[in-house]
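# Tertiary structure, described
Now for the letters of each chain:
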Amino acid sequence: MLTKEKNDLLTQTGPERPMGKMFRFFWQPALLSRELPEPDCPPKRVRILNTDMVAIRDTSGRAQLITPTCPHRGANLFFGRVEEGGIRCAYHGWKFDVDGNCLDIPTLPDNGQREKMCKKIKLETYPTREAGGFIWVYLGPKELMPELPDFEFTALPSDQVYVSKKLQYSNWAQACEGALDTAHFSFLHMPLVDGKINFGKDQFVAESSADERRLGWIRNDGSPRFSITKHETGLVIGGARYADEGDTYWRISQFLMPNHGLAPNAFPGENMHGQCWVPIDDETCWIFNYTWNPERKLSEDEVSRFQKGASIHAETDEDYRPIRNINNDFMIDREEQRNKTYTGIKGVSEQDAAIQESMGPIVDRTKEHLNSSDLGVVQFRRYILDAVLAFDNEGLLPSAHSHAGLYRLRSGSHVCSDKIPFEDVMKERFGHRLALAPGGTDTSALTPVKTA
Ligand code: FES
Ligand SMILES: [Fe+2]
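Residues numbered from 1 in each chain as written. Chains lettered and ligands numbered in written order. Predicted model: local features only at pLDDT ≥ 70, side-chain atom pairs only at ≥ 80, totals over all residues. Heavy atoms only, no water.

Per an unreviewed UniProt entry, the protein goes by Ring-hydroxylating oxygenase subunit alpha and derives from Pararhodobacter oceanensis.

In structure tokens form, the structure reads like this:
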């Protein structure tokens, strides 16, 4: 559990709150690149971290986040025309380029007055980058702007990556905790066998297909044991379950500051998945999802399934609102729940959202009863609360701020003898103690976290 003060500290991300101020020192995904599909396309409204912006793509193809407020009399530039190297306000035609320079003031006589006034006017713009299918924005002080986090998916050709986003009606941390809580997979996402969930480590599942075997191990062991390693940009979280014949099935995820997670499902060669939970305000967030494969292109079939809402990707409408959502009870099918799946809700992403939103927009963490299967969640809270307190009390920036190269990490699964310690499991599975991908930079001091 957390005290009310700590729960507020964790969940409040307005510009005057410590967590909101700290978030602003990190690049955030603001929208998908494909939301601005071509030069001079219509602008998009963006709201993250309680800040309203407008996203535009100019004639040269450059994407840019700008303030929505026209410096003339405050009209919203979302209604503006993107044209010939800039955006023109729809109210009186003042025009600005993507660097915020004023290009034209047609309400003044064309006798030198326009040029003179233009020189005095500047539109506020926010540092913007485009990488990995996302348009990223930085809302912090410009003199302390870090490098863009060097995620592996941002360095790959676009046909090896699929990205999506969806709206969630919950605080960002609630959604993030859902991804770091590996124990829930034994329940929330489980298909039933003969109308039942089987539990018990001695239930042998090895005769079935690879997919069924891993589901069997997850199903039969609902109390994974944790090994967690703390480093400069976050936490490696290993959850160990019994597999067959004295083996251990490891599911290894990553938490990366301040709001990223890598999912634990992939065996070698399989697609990896990651997410970023970006606060819109304290009660809603955007979940940015990405799937990547460093070894090959994603197939048409895979992309088509992701577009329809497979794996971490949700089925959404054109505004990125999930089709199955809290207003229609996620279209829960009680017959299906009785006979086929644990929830009766279609889609892993929707199952997560249903449960995370069911807790209310900001769950009351003072009333929880945590147990050993919640250790990933506990350590995430400790990590980020320690960081935000050091930031707020002593003005210290989190170490992740200066370690962009230590975001190039992988995550995934491994099966090995139960005698192998976690550190060696990491080296055996990923060839590196933190699962650093080729091209990443590991300068980290490691602290194994006491988990028992
Ligand atoms: S308010 Fe934008 S040009 Fe007048
Ligand atoms: Fe989940």
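### What about the coordination of the iron ion (ligand 2)?
All of the protein donors around the iron ion (ligand 2) are His 184 (NE2), His 189 (NE2), Asp 352 (OD) and Asp 352 (OD); their distances to the metal are 2.1 to 2.7 Å. One can describe the donor arrangement at the iron ion (ligand 2) as irregular, given that its 4 donor atoms subtend angles of 53 to 151° at the metal. (Donors = N, O, S within 2.8 Å, 3.2 Å for Na, K, Ca; no water. Tetrahedral: all angles 85-135°; square planar, octahedral: opposite > 155°, others 65-115°.)

### Overview of the pairing of strand E10 (residues 128-131)
Here 4 bridges tie E10 to strand E11 (residues 134-137), and the two strands are oriented antiparallel to one another. Paired with Ala 131 across the strands is Phe 134, a residue of E11. Two successive antiparallel strands, E10 and E11, enclose a turn made up of 2 residues, where Gly 132 displays a positive phi of approximately 70°. (Pairing = 2+ DSSP bridges. Helix = DSSP H or I, 4+ residues; strand = E, 2+ residues; numbered from the N terminus.)

### Regarding the pattern of salt bridges
Taken as a whole and judged by the stated rule, the model has 27 salt bridges. Across the salt bridge formed by Asp 8 and Lys 4, the nearest N and O atoms sit 2.7 Å from each other. Of this pair, Asp 8 and Lys 4 both sit in helix H1 (residues 4-11), 4 residues apart, which is roughly one turn of that helix. Residue Asp 221 pairs with Arg 225 through a salt bridge whose shortest N-O separation is 3.1 Å. (Salt bridge = Lys/Arg side-chain N within 4 Å of Asp/Glu carboxyl O.)

### Quick look at the packing of aromatic side chains
Under the counting rule described, the total for this entry stands at 22 aromatic pairs. One aromatic cluster in this structure is built from Phe 134, Trp 136, Phe 151, Phe 153, Phe 288, Tyr 290, Trp 292 and Tyr 407. The ring of Tyr 320 is capped by Lys 165, whose NZ or CZ atom sits 5.0 Å from the centre of that ring. The ring of Phe 185 has Arg 251 lying over it, and the distance from NZ or CZ to the ring centre is 4.7 Å. (Phe/Tyr/Trp six-rings, centres within 6.5 Å; stacked < 30°, edge-to-face > 60°. Lys NZ or Arg CZ within 6 Å of the ring centre and 35° of its normal.)

### Considering the UniProt feature "domain: Rieske" (unreviewed entry) in the protein
According to UniProt, the feature "domain: Rieske" (unreviewed entry) maps to residues 27-137 in the numbering used here. Helix makes up 7% of residues 27-137 and strand 36%, and the two end C-alpha atoms of the span are 6 Å apart. (UniProt positions renumbered as here; feature names shortened; annotations may be inferred.)

### Some thoughts on the domain arrangement of the protein
Per the domain assignment, the segments making up the protein are domain 1 (29-144) and domain 2 (152-449). Here the C-alpha centroids of domain 1 and domain 2 sit 36 Å apart. Each partner contributes to the interface: domain 1 provides 16 residues, whereas domain 2 provides 20 residues. Here domain 1 packs against domain 2, burying approximately 1400 Å² in sum over the two surfaces, 65% of which is carbon and sulfur. Broken down residue by residue, the surface that domain 1 buries against domain 2 is led by Pro 29, Arg 34 and Phe 134, which jointly contribute 30%. Inspection of the domain 1/domain 2 interface yields 1 salt bridge. (Domains from an automatic or database assignment. Contact = heavy atoms within 4.5 Å. Buried area = accessible area lost by both parts, 1.4 Å probe.)

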